[in-house]
Amino acid sequence: MSAPLLTLVVPVYNVAPYLPRCLESLAALSPPADEIIVVDDGSTDECPRILAEFASRLPQMRVIRQENGGLSAARNTALEVATGTYLAFVDSDDFVSPDAYAEALRLAQDDGLDMVLLNANYHFEGREADYPIYANVAATEVITGREWLRRRFRAGRFLHMVWMHLYRRDFIERHHFRFIPRLIHEDVIWTTEALLAAQRVRYTGHIAVHYRIPVRRFNPEQAQRRLQAIVDSSVVNAEALARMADSLAHDAELQGMLSDHLVDGALSVFHKLPKMPDRHAAATTLQRLRESGFIGLLWRHARSAAQRRRLARHWLRSWLAGFGK
């Protein structure tokens, strides 16, 4: 038997209010997905029951249950068993358009693409009108992933959403792409690495995914854990992007653009610290960012006087935070 054409990877963890709509959208896909690998990452809500109810409607759906290891671990589990020629990721609190991958599959086969770059809608659950992530961005010819990065950096808008792409699975396996466990914003490293490696990509502009933007409320303990995880993950992401930028010495323009991008993104950690309910932890984290060399790394990659001014202020604040202990 020939390999399935399309595998969808769906990590699931405690998303019972949203999971039925996600699975309904997968059931309505045309053409249908040949393989749907759902990894239930230790859900403690109604997700296991909902998945069991959909099992008869989606015979191509395989459910793998594992102890909670986080989104990255769930995706990695699915990657180990996926068999489709092409692969896409779907987050279980989002939903997809009925024709999400139809054109992408045709282009991937006709043009021998490593990746097809898609678009998505921000979905606000009726609080405001949905709108596309990339507005008024023209479809491309076949280009390299690096050229797509260059165009997006020039335009000043590049998002790392891993579920906005269709991938040729042997491209993923040839480069041994996997997600880093327990990392927040894990898409940053994956998407940048994939685009730097991809030799043939096309952007279509097609709205494939509807990205849910829920209203979230956290108690102080939850907020502290979440903000600390975001800061710690942002450090890992910035260090990885810095290594990628350093490897681009032969392409000074793209190297500079990636450096600028990583500094702008990493500077957001300093906006997270004032939001931490635990002020002592915030001060300790700020001091650690300096002592670990993180601020120095950003300084070396900063491309503008404005970035360096901001970094100098944060460096000074980190010293003052240490004296205040």
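Shown above is the structure to which this text applies.
Below is a summary of the structure that appears in this document. The structure displayed is predicted, hence computed values, not measured ones.

**Looking at the overall build of the protein**
Part 1 of the reasoning: Across its full length, the protein holds 13 helices and 9 strands.
Part 2 of the reasoning: Computed over the C-alpha atoms, the radius of gyration of the protein is 21 Å, within 12% of the 20 Å expected from 2.2 N^0.38 for a compact globule of 325 residues.
Part 3 of the reasoning: Within the protein, the fraction of its 325 residues that count as buried is 53%.
Part 4 of the reasoning: When contacts within the protein are restricted to residue pairs at least 6 apart in sequence, long-range pairs at least 24 apart make up 80% of them.
Part 5 of the reasoning: As presented, the protein carries roughly 14800 Å² of accessible surface, and 53% of it is formed by carbon and sulfur atoms.
Part 6 of the reasoning: A distance of 7 Å separates the average location of the 40 positive side-chain charges in the protein from that of its 38 negative side-chain charges.

**What to know about helix α12 (residues 294-301)**
Part 1 of the reasoning: Taken together, the buried positions of α12 are F294, I295, L297, L298 and H301. Down the axis of α12, the buried side of the element spans an arc of 160°, and every buried residue falls inside it.

**Notes on helix α9 (residues 252-266)**
Part 1 of the reasoning: When the terminal C-alpha atoms of α9 are compared, their 21 Å separation across 15 residues agrees well with the 21 Å that a helix rising 1.5 Å per residue should span.
Part 2 of the reasoning: Of all the positions in α9, only L254, G256, M257, L258, S259, H261, L262, V263 and A266 are classed as buried.

**Topic: the packing of aromatic side chains**
Part 1 of the reasoning: Scanning all chains against the criterion turns up 18 aromatic pairs.
Part 2 of the reasoning: Note on W315 and W319: the rings are 5.9 Å apart at their centroids and 70° apart in plane angle, and the pair reads as edge-to-face. In this pair, W315 and W319 are both assigned in helix α13 (residues 305-323), 4 residues apart and thus about one turn of the helix distant.
Part 3 of the reasoning: You can call W315 partly exposed: its relative accessible area is 42%.

**So, the environment of A198**
Part 1 of the reasoning: Examined against the element boundaries, A198 turns out to sit in the loop between α7 (187-197) and β9 (201-212).
Part 2 of the reasoning: Sequence-wise, A198 and Y167 are 31 residues apart; in three dimensions their C-alpha atoms are separated by 9.8 Å.
Part 3 of the reasoning: Residues within four places of A198 in sequence aside, it is in contact with D114, M115, T144, G145 and F171.

**A closer look at the nonpolar core**
The nonpolar side chains of a soluble globular protein tend to be buried, and buried together.
Part 1 of the reasoning: Among the nonpolar cores identified, the biggest contains 110 residues, and L8, F89, Y101 and F270 are the most heavily contacted of them.
Part 2 of the reasoning: Among the elements that make up this core, the one with the highest residue count is helix α8 (residues 220-246) (9 residues).
Part 3 of the reasoning: Aside from chain neighbours lying at most four places away, what touches L8 is L26, L29, A33, E35, I36, I37, A88, V90 and Y101.

**Things to note about the side chain of H165**
Part 1 of the reasoning: Residue position: H165 is located in strand β8 (residues 165-168).
Part 2 of the reasoning: When its relative accessible area of 5% is taken as the criterion, H165 is described as buried.
Part 3 of the reasoning: A polar contact is formed between the side chain of H165 and the side chain of Y167, at a distance of 2.9 Å.
Part 4 of the reasoning: Among residues more than four places away in sequence, those in contact with H165 are L87, A88, M115, V116, L117, L118 and T191.

**Some words on the environment of F124**
Part 1 of the reasoning: For F124, the position within the fold is in the loop between β6 (115-123) and β7 (131-132).
Part 2 of the reasoning: The spacing of F124 and P277 is 153 residues in sequence and 27 Å in space, taken between C-alpha atoms.

**Concerning the side chain of Q307**
Part 1 of the reasoning: One can find Q307 in helix α13.
Part 2 of the reasoning: A distance of 3.1 Å separates the side chain of Q307 from the side chain of D260, its partner in a polar contact.
Part 3 of the reasoning: A polar contact of 3.1 Å, which involves the side chain of Q307, links it to the side chain of D264.
Part 4 of the reasoning: Not counting residues up to four positions away in its chain, the partners in contact with Q307 are D260, V263, D264, L267 and A302.

**Some words on the packing of α7 against α8**
Part 1 of the reasoning: Between α7 and α8, the least distance of the axes is 9 Å, while the angle of their chain directions is 15°. With respect to α8, the axis of α7 lies roughly parallel. As α7 packs across α8, the resulting crossing turns out to be right-handed. Across the interface between the two elements, V188, I189, T192, E193 and L196 from α7 touch V236, N237, A240, L241 and M244 from α8.
Part 2 of the reasoning: Of the residues contributing to the contact of α7 with α8, the split by class is 7 nonpolar, 2 polar and 1 charged.

**Observations regarding the pairing of β8**
Part 1 of the reasoning: Across the two faces of β8 the burial is the same, with H165 and Y167 and L166 and R168 all buried.
Part 2 of the reasoning: Looking at chain direction, strand β4 (residues 86-89) and β8 are connected through 2 bridges and run antiparallel. Bridge assignment links L87 to a residue of β8, and that residue is Y167.
Part 3 of the reasoning: Pairing geometry for β6 and β8, over 3 bridges, is antiparallel. Paired with L117 across the strands is H165, a residue of β8.

Cut-offs used in this document
Residues numbered from 1 in each chain as written. Predicted model: local features only at pLDDT ≥ 70, side-chain atom pairs only at ≥ 80, totals over all residues. Heavy atoms only, no water. Helix = DSSP H or I, 4+ residues; strand = E, 2+ residues; numbered from the N terminus. Rg over C-alpha atoms; globule rule 2.2 N^0.38 Å. Buried < 20%, exposed > 50% of the residue type's maximum accessible area, 1.4 Å probe, protein only. Contact = heavy atoms within 4.5 Å. Areas by Shrake-Rupley, 256 points an atom, 1.4 Å probe, with all protein chains shown as cover. Lys, Arg positive; Asp, Glu negative; His and termini not counted. Charge placed at Lys NZ, Arg CZ, Asp CG, Glu CD. Arc of directions from axis to C-beta. Expected span 1.5 Å × (residues − 1). Phe/Tyr/Trp six-rings, centres within 6.5 Å; stacked < 30°, edge-to-face > 60°. Core = buried A, V, L, I, M, F, W, Y, C linked by side-chain atoms within 4.5 Å. Polar contact = N/O pair within 3.5 Å; in protein donor to acceptor, adjacent residues only side chain to side chain. Axes fitted to C-alpha atoms, helices over the stretch in contact; angles between N-to-C directions. Parallel < 35°, antiparallel > 145°, perpendicular 65-115°, else oblique. Left-handed = near helix turned anticlockwise from the far one by under 90°. Nonpolar A, V, L, I, M, F, W, Y, C, P; charged D, E, K, R; others polar. Pairing = 2+ DSSP bridges.

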